[in-house]
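# Structural description and commentary
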Amino acid sequence: LEFPQIIKKYNIDWAHYQYTAPLWKNCKTIVTLHDILFKDFPQYFPWRYRLIKGLTFKKSATDTDILCTVSNYSKDRIAYHFNIPSDKIVVTPNAVSEEFKHIDEENAKKFVKDKGINNYILYVSRREPRKNQTEVLKAWKRLIVKNGFSHDLVFIGRPTIPSKDFNDVYNNLTITEKEHVHIIDNAPFYELKMWYKATSLFIYPALAEGFGIPPIEAAMAGVPVVCNNATAMGDFTFFGDNLVDITDQENLDSAIINALNSPFNPEVRDLISSRYNWQNSAQTLLTALISYQSV
């Protein structure tokens, strides 16, 4: 309710909204709709969310002057579900800060060691079924049984939607195994960078994403990444053999072991830096604005 009043008061020309714009508009609008995953994966979203977002997202997407999204995958799904020509949707990808390139490794190792942890696998994401922390826990348990795995497991991210499967797997761990699984709800940005830099491996088994920022943050920090190849993450071809079908347990386990035993490839970081930076996204948006105004 407040936005149209502010727009009128200050005579604003353009307003840019994330996901949902006000019900009425009194200036030109840009809407960035990051994803509509609830359309293709309804099992991961509450029915109220699907109902409300289905209505408000579609209205915002069809009423806006410029519609943006963050990946080719999201562009295709928005075009399909909302019957919007794909050439009317502008892809302005998410990006990752260059700051992740310059994390001090010695400080990071000391930070983690002070927590009583040496070698570990890391997963950063809010905790809900779609993010699939369960599969990481299962793979870690399998590797203990098969290989006498010596790495701890660290989850960083607050819980948003309860996951019964994750709780069941975790509760069936032995007391000793639980001592090596660390669940952190929130980490300040400085600490998060330390966790990224000091990890032996970052794993991202999310089942559905409109983009997926954490795996490219980890790679920018210079650590190996194993990532699911589904939905928008299929664009992350720079991960090579580490971009896998995580539903294939044998393939996932092999990818984890191989990544742990292989040096980080700096070319991955260079490709991410050149492809996913804010300058590129800003220029794409500016070009869309200029094109719109020249019509």
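Everything below is about the structure shown above.
First, a word on scope: everything that follows refers to the structure included in this document. These figures come from a predicted structure and were not determined experimentally.

## Some details on the sheet that holds strand β9 (residues 225–228)
- The strand order across the open sheet built from 6 strands is β7-β6-β5-β8-β9-β10, with neighbouring strands paired in parallel fashion. Of all strands in the sheet, those with a lone pairing partner are β7 (181–184) and β10 (243–244), marking the two edges.
- Direction of pairing for strand β5 (residues 120–124) relative to strand β8 (residues 201–204): parallel, over a ladder of 2 bridges. For Leu122, the partnering residue across the bridge sits in β8 and is Phe202.
- Those strands touched by helix α11 (residues 249–260) are β5, β8, β9 and β10, and its axis lies near 155 degrees from that of β8.

## Examining the packing of aromatic side chains
- For the coordinates displayed, the defined rule picks out 26 aromatic pairs.
- Ring plane angle 85 degrees and centroid distance 5.6 Å describe the contact between Phe111 and Trp195, whose orientation is recorded as edge-to-face. With Phe111 in helix α5 (residues 105–114) and Trp195 in helix α9 (residues 189–198), this residue pair connects regions lying 84 residues apart in the sequence.
- Under the relative-accessibility criterion, Phe111 is labelled buried at 13%.
- With centroids separated by 5.8 Å and ring planes inclined at 75 degrees, the aromatic side chains of Phe211 and Phe236 adopt a geometry described as edge-to-face. With a gap of 25 residues between them, Phe211 in the loop between β8 and α10 (214–220) and Phe236 in the loop between β9 and β10 connect regions that are remote in the sequence. Residues Phe211 and Phe236 agree in their burial class; the two are buried.

Cut-offs used in this document
- Numbering of residues starts from 1 in each chain and follows the order in which that chain's sequence is written.
- It should be noted that, the model being predicted, local features are given only for residues of pLDDT at least 70 and side-chain atom pairs only at 80 or more, the latter also being counted only at that level, while totals for whole chains, interfaces and linings use all residues.
- Side-chain metrics rest on all non-hydrogen atoms present in the structure, leaving aside hydrogens and water.
- For two strands to be treated as a pair, DSSP must find no fewer than two bridges joining them.
- Secondary structure elements are taken from DSSP: a helix is a run of H or I of four residues or more, a strand is a run of E of two residues or more, and numbering for both begins at the N terminus.
- The contact criterion used throughout is that any non-hydrogen atoms of two residues lie within 4.5 Å.
- As a rule, the C-alpha atoms of each element are fitted with a line to give its axis, helices using only the stretch in contact, and angles between N-to-C directions run from 0 to 180 degrees.
- Pairing of aromatic rings covers Phe, Tyr and Trp, the last through its six-membered ring, and needs centres within 6.5 Å; plane angles under 30 degrees mean stacked, over 60 mean edge-to-face, and all others mean tilted.
- Buried, partly exposed and exposed residues are distinguished by accessible area as a fraction of the type maximum, computed with a 1.4 Å probe on protein chains only: under 20%, between the cut-offs, and over 50%, respectively.

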